[in-house]
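# Observations on chain architecture
Each chain, written out:
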Amino acid sequence: MALDEKNLEAMLDQYPAKVKRNRKKHILITNSKEEQIIEANTRTIPGIITNRGCAYAGCKGVVLGPLKDIVHITHGPIGCGYYSWLTRRNKAKTEEPGKNFLTYCVSTDMQESDIVFGGEKKLSKVIDETVSIFKPNAITINATCPVGLIGDDIQAVAKEAEKKHGITIMAFSCEGYKGVSQSAGHHIANNGLMDQIIGDGELEEGPKGKYCINILGEYNIGGDSWEIERIMKKIGYHIQAVMSGDGSYEELKNAHVADLNLVMCHRSINYIAEMLDKKYGTPWLKVNFIGVQSTINTLRNMALYFGDQKLIDKTEEVISSELAKIEPQLESYKKICAGKTAFCFVGGSRGHHYQALYQDLGIETTLAGYEFAHRDDYEGRDIISEIKGDADSRNIPDLEVTPDDKRFRLKISPERLEKLKEQIPLSNYKGMIPEMKDGRVVVDDLNHFETEEFIKALNPDIFSSGIKDKYIVQKMGIPSKQLHNYDYSGPYAGFNGAVNFAKDLSMSFESPTWNFIIPPWRETPLLEGSIEEGEA
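An account of the accompanying structure is given in this report. (Residues numbered from 1 in each chain as written. Predicted model: local features only at pLDDT ≥ 70, side-chain atom pairs only at ≥ 80, totals over all residues. Heavy atoms only, no water.)

### Focus on the nonpolar core
- Ranked by internal contacts, the top residues of the largest apolar core, which has 108 residues, are Ile213, Met232, Tyr237 and Leu262.
- Counting residues per element, this core draws most heavily on helix H14 (residues 309-337), which supplies eight residues.
- With residues up to four places along the chain from it excluded, the contact list for leucine 262 reads Ile213, Asn214, Ile215, Leu216, Met232, Leu285, Val287, Phe289 and Met302.
- By size, the runner-up hydrophobic cluster in this structure holds 24 residues, among which are Leu3, Leu8, Ile27 and Met476. (Core = buried A, V, L, I, M, F, W, Y, C linked by side-chain atoms within 4.5 Å. Buried < 20%, exposed > 50% of the residue type's maximum accessible area, 1.4 Å probe, protein only. Helix = DSSP H or I, 4+ residues; strand = E, 2+ residues; numbered from the N terminus. Contact = heavy atoms within 4.5 Å.)

Structure (structure tokens):
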């Protein structure tokens, strides 16, 4: 079933007039014949049950947290630390004994007395204990809401501790209330990593005879990064650093030597990608390793960038080898999946990326969107100059970088760079909307009310979103594929990941469970009441 403007208007009419005017700007039905503008990165309306996270979640939980040889200290109440403690299922392994700290939750556990008298002394003590117990390669301090409200100077504490212990200690003022969503935290983390780690290593260039790359915006959820790295190494690439899934402080210090940066999640890491380009002359390529055809396209674009015929031939050889293994496995799953429809509402670039994997399996995406995107994630980077800054955006200062006096070098000539831009998404991202078919629904910051209304109108066969809304959908008798952390599955990236995803989807579709689920509101009224006569 399709949704038209009339049906959409009727759904929005259930809102109060002011709320309707606001939400209407965040929803559109795709039409390639028109110039379409969607509003994004604005504050969620109070009272609406959003799926967004906070700036702290974006900084510590998404970008910094997966760095394995760094101890990440949460300065705040224990609940904040617990909330960001491996909930994304970032996987890591290390060759350094005892230098994988992802399984630890380190917090200052602020109490009422700390709010009244300040928590700086407590933070200093926790840093001392952390160094003594773990001996990490570096430490991050991540501020939560109370820290900003009471004014603890975490930057000063970090500087003093750094002098005392002789290791890098970074403070991130990522209080949860900064910005309108976790996107603000991504920006804060990007600035800190670029300012205090990247370029601090001793290497001047990558390995001779190797195609040296960084993978940006890949967080190794369920082992995704390992599957991508397997393919890269099979072809002959040298991966200098991953930001930040299974990433490390020691690798990140030398990220400046890469010849090309690959950008997976555009929203969470585009700031670093641009700064690496300006400071060290390293272009970035928008990639997608989610889906068979998307992976193939990405590998071919990478080979075209380096322009080496041996690399191009090896890329095609690996593609053929991988397809020969997975295509027989996918065939049976495609028969189950073909003709079905999906909602794909996931934070970061996943709302876009997974549409390609669904399409590989014969599943049409009828609704898609992001939790914390900006307009350029929907409409493409060409409209960035049109986006007006607001008070929330100005809370996150831009880090100004200039070409490094010693290490800036052009990786390819300006002439070739411009020619390649006509062929591949080099230093550019076209956004989600241009790749969607007409008549599809795009929603920014989808809430729980709209989720139910869109499901009633479009009746998808599968709902892919996050942990905060999956249970609502399952109670409606529709399987939910959780794509923030894959629940207990994965990897879903690359060729083998596509098979894992197809298998999991097929099990969901074939399960008889959904036939026995009856939403409680179908049998019991939401409200019950009776009228009694008053006394005369």
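### Some points on helix H10 (residues 224-235)
- Compared with the 16 Å implied by 1.5 Å per residue over twelve residues, the 17 Å span of H10 between its first and last C-alpha is a close match.
- Listed as buried for H10 are Asp224, Ser225, Glu227, Ile228, Glu229, Ile231, Met232 and Ile235.
- Remark: glycine 236 follows H10 within two positions and exhibits a positive phi of approximately 125°. (Expected span 1.5 Å × (residues − 1).)

### Overview of the pairing of strand E4 (residues 138-143)
- Counting buried positions over the six residues of E4 gives six, a clear majority of the element.
- Because side chains alternate across E4, one face comprises the buried residues Ala138, Thr140 and Asn142, and the other comprises Ile139, Ile141 and Ala143, equally buried.
- With six bridges joining them, strand E2 (residues 70-75) and E4 adopt parallel strand pairing. Counterpart to isoleucine 70 in the pairing with E4 is alanine 138.
- Note: E4 against strand E5 (residues 168-172), five bridges, orientation parallel. Paired with alanine 138 across the bridge in E5 is threonine 168. (Pairing = 2+ DSSP bridges.)

### Some points on empty space enclosed by the protein
- In total, this model carries one cavity of 30 Å³ or more according to the counting rule given.
- Volume-wise, the largest cavity comes out at about 50 Å³.
- Along the walls of the largest cavity sit Asn22, Arg23, His26, Arg43, Thr44, Ile45, Ile48, Asp445 and Asn447, which together make up its complete lining.
- Tallied by class, residues from the lining of the largest cavity come to two nonpolar, four polar and three charged. (1 Å grid on protein atoms, 1.4 Å probe; cavity = no way out; pocket = protein on both sides within 12 Å on 5 of 7 lines; lining within 4 Å. Points joined across faces, edges and corners; volume = space filled by probe spheres on them. Nonpolar A, V, L, I, M, F, W, Y, C, P; charged D, E, K, R; others polar.)

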